[in-house]
Amino acid sequence: MAFHFEFLKQMTPEIVAVATQKIQELKVRPNISKVDIVDEFQHIAGDVIGRVFFGEDFTHNPRNKHFTEIVGITTRRLLDMEFLTPYYFMFGIKFIKAGIFAQHRDHNKKISALKSHSMKLVKEKMENIAKEYEELSKTKHRKNLIEIFYEQRKTHPDDPLTDNEIRDLFLNFYVAGMDTTASLVSMASYYAMKNPECKKKILQEMSEVLRDPASATYDDISKLNYTTAFLKEVMRFSGPAPMNIPRTAT
């Protein structure tokens, strides 16, 4: 139920709100002469996932301050051939977990910190929902994933999702979703700038379909046919994840 299409569809306003807020913050940032666009898109994607999962302003919360940065570092390392070394291809992830090299030990420490912090978030949210569940159940509001998982425990007490399983689901969402989304949007921005005629058509379509981008719905976004085709072409050329392995687009 949590991963049903209708749930994701209902979260579109949340996604639009996060992206709008982040872009506004970027516009007013002082001395903005140089921007790491991948990093900025990672923050947007990370905050979207945090809000969809936990229902809170994720990256602005001081306790989550370095969460996105650590995820970015760890995922980039896993795509770095110097970090992986030939031994990785011989022995797999077990070689990194062994921590023979200093960079692997540091990586393992960061992964441990991510798991520990995520588990703390899950436990705190579950405890808060348990205290407020009666009141929450009486109100109409967009449920986040953690609320749906709590309800699953209530309705299926014989087969509930454990805290460990929920934590792993969040990390899968966060790590995979943040990096792939940031990579796709970054490469889309690059190709749009390199192909001004495509950029012009995208902007024209958006101005015609999205009269008010800040209040866009899923149905509005699904009408962006040219933009969708452009993004698919970006994925054909570059793929949704940053990779340093040579590939050919056919």
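My aim in this report is to walk through the structure given alongside it, one point at a time.

About the criteria used
- Along each chain, numbering runs from 1 in the same order as the chain's sequence is written.
- In view of the model being predicted, local features appear only for residues whose pLDDT reaches at least 70, and side-chain atom pairs are presented and counted only at 80 or more, with totals across whole chains, interfaces and linings using the full set of residues.
- Based on all heavy atoms of the structure, the side-chain values leave hydrogens and waters out of the count.
- Secondary structure follows DSSP: runs of H or I at least 4 residues long count as helices, runs of E at least 2 residues long count as strands, and numbering of each begins at the N terminus.
- Buried means the residue's accessible area, taken with a 1.4 Å probe over protein chains only, is under 20% of the maximum for its type, while exposed means over 50%, and partly exposed covers the values in between.
- By the convention used here, residues are in contact when the closest approach between their heavy atoms is within 4.5 Å.
- Computed with the Shrake-Rupley method and a 1.4 Å probe, the accessible areas treat only the protein chains shown as cover for residues.
- To estimate the expected span of a helix, count its residues, drop one, and scale the result by 1.5 Å.
- What the arc covers is the set of directions going from the helix axis to the C-beta atoms.
- The salt bridge definition used is simple: a Lys or Arg side-chain nitrogen within 4 Å of an Asp or Glu carboxyl oxygen.
- Here, the term nonpolar core denotes a set of buried Ala, Val, Leu, Ile, Met, Phe, Trp, Tyr and Cys residues that are joined through side-chain atoms within 4.5 Å.
- An axis is simply a line fitted to the C-alpha atoms; with a helix, the fit covers only the stretch in contact. Between two such axes, the angle follows the N-to-C directions and lies from 0 to 180 degrees.
- Here roughly perpendicular refers to angles of 65 to 115 degrees, roughly parallel to angles under 35, roughly antiparallel to angles over 145, and oblique to all remaining angles.
- Handedness of a crossing follows from how the near helix is turned relative to the far one, being left-handed for an anticlockwise turn of less than a right angle and right-handed for a clockwise one.
- Polar here means any residue other than Ala, Val, Leu, Ile, Met, Phe, Trp, Tyr, Cys and Pro, which are nonpolar, and Asp, Glu, Lys and Arg, which are charged; Gly is therefore polar.
- Only Phe, Tyr and Trp rings take part, Trp by its six-membered ring, and two of them pair if their centres are within 6.5 Å. Stacked means planes under 30 degrees apart, edge-to-face means over 60, and tilted covers everything else.

Overview of the overall build of the protein chain
Summing up its helical and strand segments, the protein chain has 12 helices and zero strands in all. Relative to its 250 residues, the protein chain shows a buried fraction of 34%. In the protein chain, of all internal contacts separated by at least 6 residues, the share reaching a separation of at least 24 is 65%. A total accessible area of about 15,500 Å² is found for the protein chain, and carbon and sulfur atoms account for 59% of it.

Considerations on helix α10 (residues 196-209)
For an α-helix the count is 3.6 residues per turn, leaving residues at separations of three or four pointing the same way. Between its first and last C-alpha, α10 extends 20 Å over 14 residues, near the 20 Å set by a 1.5 Å rise per residue. Every buried residue of α10 is listed here: Cys198, Ile202 and Glu205. Here the buried residues of α10 occupy an arc of 65 degrees about the axis, which is enough to place them on one side. Opposite the packed face of α10, turned more than 90 degrees from it, sit the exposed residues Pro196 and Lys200. Residues of α10 that are buried in the fold lie against α12 (225-238).

A few points about the pattern of salt bridges
Tallied over the entire structure, the rule returns eight salt bridges. Here Asp47 makes a salt bridge to Arg51, at a shortest N to O gap of 3.7 Å. In this pair, Asp47 and Arg51 both sit in helix α3 (residues 37-54), four residues apart, roughly one turn of the helix. Here the two residues Asp47 and Arg51 agree in accessibility, since each one is buried.

A closer look at the nonpolar core
Grouped together as the largest cluster of nonpolar side chains are 28 residues, with contacts concentrated most on Phe53, Phe54, Phe67, Ile146, Phe170 and Tyr174. Elements with a contribution of two residues or more to this core: α3, α4 (67-77), α7 (102-136), α8 (145-155) and α9 (163-194). Counting seven residues, the second-largest nonpolar core is a separate cluster that includes Ala188, Ala192, Ile202 and Val234.

A closer look at the packing of α7 against α9
With their axes 9 Å apart at the nearest point, α7 and α9 run at an angle of 120 degrees to one another. Between α7 and α9, the angle is such that the two are oblique. Crossing handedness for the pair α7 and α9: right-handed. Contacts from Leu114, Lys115, Ser118, Met119, Val122, Lys123 and Met126 in α7 reach Asp163, Asn164, Ile166, Arg167, Phe170 and Leu171 in α9. Here the contact of α7 with α9 is composed, by residue class, of seven nonpolar, two polar and four charged.

Here's the deal with the packing of aromatic side chains
All told, the structure shown has nine aromatic pairs when counted by the stated rule. An aromatic cluster is defined as three or more aromatic residues linked by ring pairs; in this entry it consists of Phe53, Phe54, Phe149, Phe170, Phe173 and Tyr174.

What to know about the packing of α8 against α9
Two elements in contact, α8 and α9, have axes whose closest approach is 12 Å; the angle formed by their N-to-C orientations is 155 degrees. If you check the angle between α8 and α9, you find them roughly antiparallel. Where α8 crosses over α9, the two elements pack in a sense that is right-handed. Facing α8, whose interface residues are Leu145, Ile146, Phe149 and Arg153, α9 presents Asp163, Ile166, Leu169 and Phe173.

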